[in-house]
Each structure stands twice: as structure tokens, then as C-alpha cells.
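# Residue-level structural notes
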Amino acid sequence: MEFHLEGIQQYVRFMSGYAGYFEGLAGEEKEKLDALLSNDLKRIEQSIAQQQAVEKKMSQLEELRESLQKEAGFEGMTCQQILPLLDGEDKAELEWAYKRLSDAVAAVKFYNQKSMSVCKQNLQLIGSEAVDPAGPSTYSPTQKVGEGYAGAKLFDKKI
């Protein structure tokens, strides 16, 4: 395996910025949860629109991380495998970035789980069930009206 000093330094700097991005993302996830709890439709819609942009940005950053990691000579390795190969300032900076990234990812997961819980509770309050993403499609040539759609019973009620 061949390592490239300049590539390593670029990768380490990137990882510090990558951790910063996820720290900011944790704040956005908290804002999403706050929006859901507020029941303010405008805030919720804004949060959903932001989420789509965030997912695209995350995908781009992950591609860049993989590319920089490959250029540094660390292709396919985890941060835990990379750290013992470094020393000095690069090692210390990558350790700090990795800790920040781990903490930020944990916070993002926490807020996301809370948001999903709020969504499920809200669906239960309106008499619907959470839609199973792996469930049947909402239409097929032989399907009866309302069949296969978890929220269908809400619309089948007579008023």
C-alpha cells in the first residue's frame, strides 16, 4: 500500500470539515423535530424541502471523502484502521475530527428517531397507520378500492 503525504493532509483537513458539516446537520435535525412538534405546516414543509437538499449534499460529500481517501492511499479503510498509520499532527487532527463526526452522527440519528416517533404518533392520532415502505403498492389491476393502502380506512369512513 502506497501513502501520499499531500493526499493524507488533504484527507485529514477534509475530515475536519466533514465533521463540521455533520455538526451543523445535527442542528438542522433538531430544527426538523421542533417543526414537527410545533404542528406549523409551513415550518414542516420548509424542513422537508431542506431535507432533500441535505441528502444530495451528503451524497456529494461522501463521494468526495471516498475519492480523497483513495488518493491518500487509504482506499476501503475505516478511520480506525487509518489512525494507527498516522503520527503527529495529522493523527491528532484526524482523531479529533473522527470524535466530532461520531458525536454529530449520533446526534443526527437521535433527532431523526425522535422525528420519526412524532410522525408515527401524529399518524395514529388521525386514525391512520404508518405506511410500510416495503408494503404493497397502492394500485394493481386486481386491487379493490382502499386495499393495500394503510391510510385507506380513514377515507373509507362515511361522514
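Treat the numbers as computed from the prediction; the structure is a model and nothing was measured. (Residues numbered from 1 in each chain as written. Predicted model: local features only at pLDDT ≥ 70, side-chain atom pairs only at ≥ 80, totals over all residues. Heavy atoms only, no water.)

### Observations regarding the nonpolar core
Quick note on the threshold: Only buried Ala, Val, Leu, Ile, Met, Phe, Trp, Tyr and Cys residues count toward a nonpolar core, and they belong to the same one when joined by side-chain atoms within 4.5 Å. Residue exposure (1.4 Å probe, protein chains only): buried if accessible area is under 20% of the type maximum, exposed if over 50%, otherwise partly exposed. Helix and strand assignments come from DSSP, with helices taken as H or I runs of at least 4 residues and strands as E runs of at least 2, each series counted from the N terminus. Note on contacts: a residue pair is in contact if any heavy atoms of the two residues lie within 4.5 Å.
Tyr11, Met15, Tyr18, Phe74, Ile82, Leu86 and Leu94 are the most contacted members of the largest nonpolar core, which totals 25 residues. Put simply, the parts of the chain that give this core at least two residues each are helix H1 (5-38), helix H2 (41-72), helix H3 (79-82) and helix H4 (88-125). Looking at this core element by element, the count peaks at 10 residues for H1. The residues touching Tyr11, leaving out its near neighbours within four places in the chain, are Arg65, Leu68, Gln69, Ala72, Phe74, Ile82 and Leu94. Core analysis: the second largest hydrophobic core is formed by 5 residues, Leu33, Ala35, Ile44 and Val118 among them.

### What about the packing of aromatic side chains?
Put simply, the rule is: Centres within 6.5 Å make a pair out of two Phe, Tyr or Trp rings, where for Trp the six-membered ring is used; the pair is then stacked when the planes are under 30 degrees apart, edge-to-face when over 60, and tilted otherwise.
Summed over the entire model, instances satisfying the criterion amount to 5 aromatic pairs. Ring centres of Phe14 and Tyr18 lie 5.3 Å apart, and the angle between their planes is 25°; on these two criteria the pair is classed as stacked. Of this pair, Phe14 and Tyr18 are both found in helix H1, 4 residues apart, which corresponds to roughly one turn of the helix. In this structure Tyr18 comes out as buried when scored by relative accessible area, which is 8%. Taking 5.6 Å as the distance between ring centres and 90° as the angle between the ring planes, the aromatic pair formed by Tyr21 and Phe22 counts as edge-to-face. When its relative accessible area of 10% is taken as the criterion, Phe22 is described as buried.

### Considering the side chain of Arg100
Residue placement: Arg100 occurs in helix H4. Given the relative accessible area of 16%, Arg100 is considered buried. With near-sequence residues (within four places) excluded, Arg100 lies in contact with Ser16, Ala19, Gly20 and Glu23.

### Details of empty space enclosed by the protein
In plain terms, the rule: Definitions used throughout: a 1 Å grid over protein atoms alone; a cavity as a set of points that fits a 1.4 Å probe which cannot get out; a pocket as an open set with protein on both sides within 12 Å along at least five of seven lines; a lining residue as one with an atom within 4 Å of a point. Grid points are joined across faces, edges and corners, and a volume is the space filled by probe spheres set on the points. Gly is placed with the polar residues, together with every amino acid not listed as nonpolar (Ala, Val, Leu, Ile, Met, Phe, Trp, Tyr, Cys and Pro) or charged (Asp, Glu, Lys and Arg).
What the rule picks out here adds up to 1 cavity of 30 Å³ or more. Around the largest cavity sit Glu28, Glu29, Lys32, Ser47, Gln50, Gln51 and Val54, which together line it. Among the secondary structure elements, those contributing two or more residues to the lining of the largest cavity are H1 and H2. When residues of the lining of the largest cavity are assigned to their parent elements, the largest contribution, 4 residues, is made by H2. Looking at the lining of the largest cavity residue by residue, the classes come out as 1 nonpolar, 3 polar and 3 charged.

### Focus on unusual backbone geometry
Of note, the phi angle at Asn39 is positive, near 60°, even though the residue is not glycine. For Asn39, the location among the structural elements is in the loop between H1 and H2.

### Considerations on the packing of H1 against H2
In a pair of packed helices, the angle between the axes and the distance between the axes together describe the arrangement. Put simply, the test is: In this analysis an axis means a line fitted to C-alpha atoms, helices contributing only their contacting stretch, and an angle means the value between N-to-C directions, from 0 to 180 degrees. In this scheme, roughly parallel covers angles under 35 degrees and roughly antiparallel covers those over 145, while 65 to 115 is roughly perpendicular and the rest are oblique. Left-handed is the label given to a crossing in which the near helix is rotated counterclockwise from the far helix by less than a right angle, and right-handed is the label when the rotation is clockwise.
Running from amino to carboxyl end, H1 crosses H2 at an angle of 165°, the nearest separation of the two axes being 10 Å. Relative to H2, H1 is oriented roughly antiparallel. In this structure, the crossing between H1 and H2 has a hand that is left-handed. Across the contact of H1 with H2, the residue classes tally to 17 nonpolar, 6 polar and 10 charged.

### Side note on H1
Note the following rule: One less than the number of residues in a helix, times 1.5 Å, gives the span that helix is expected to have.
Helix length check: H1, at 34 residues, gives a terminal C-alpha distance of 50 Å against a target of 50 Å (1.5 Å per residue), a fit within 8%. A positive phi of about 60° marks Asn39, the residue just after H1.

### Some thoughts on the side chain of Asp90
Filter applied, for reference: A residue counts as positive if it is Lys or Arg and as negative if it is Asp or Glu; His and the chain ends are not included. Should a side-chain nitrogen of Lys or Arg be within 4 Å of a carboxyl oxygen of Asp or Glu, the pair is scored as a salt bridge.
You can see Asp90 is positioned in helix H4. Buried charge without a salt bridge: Asp90, with Arg13 as the nearest opposite-charge side chain at an N-O distance of 6.8 Å. Sequence-distant contacts of Asp90, defined by excluding residues within four places in its chain, comprise Leu5, Ile8, Gln9 and Val12.

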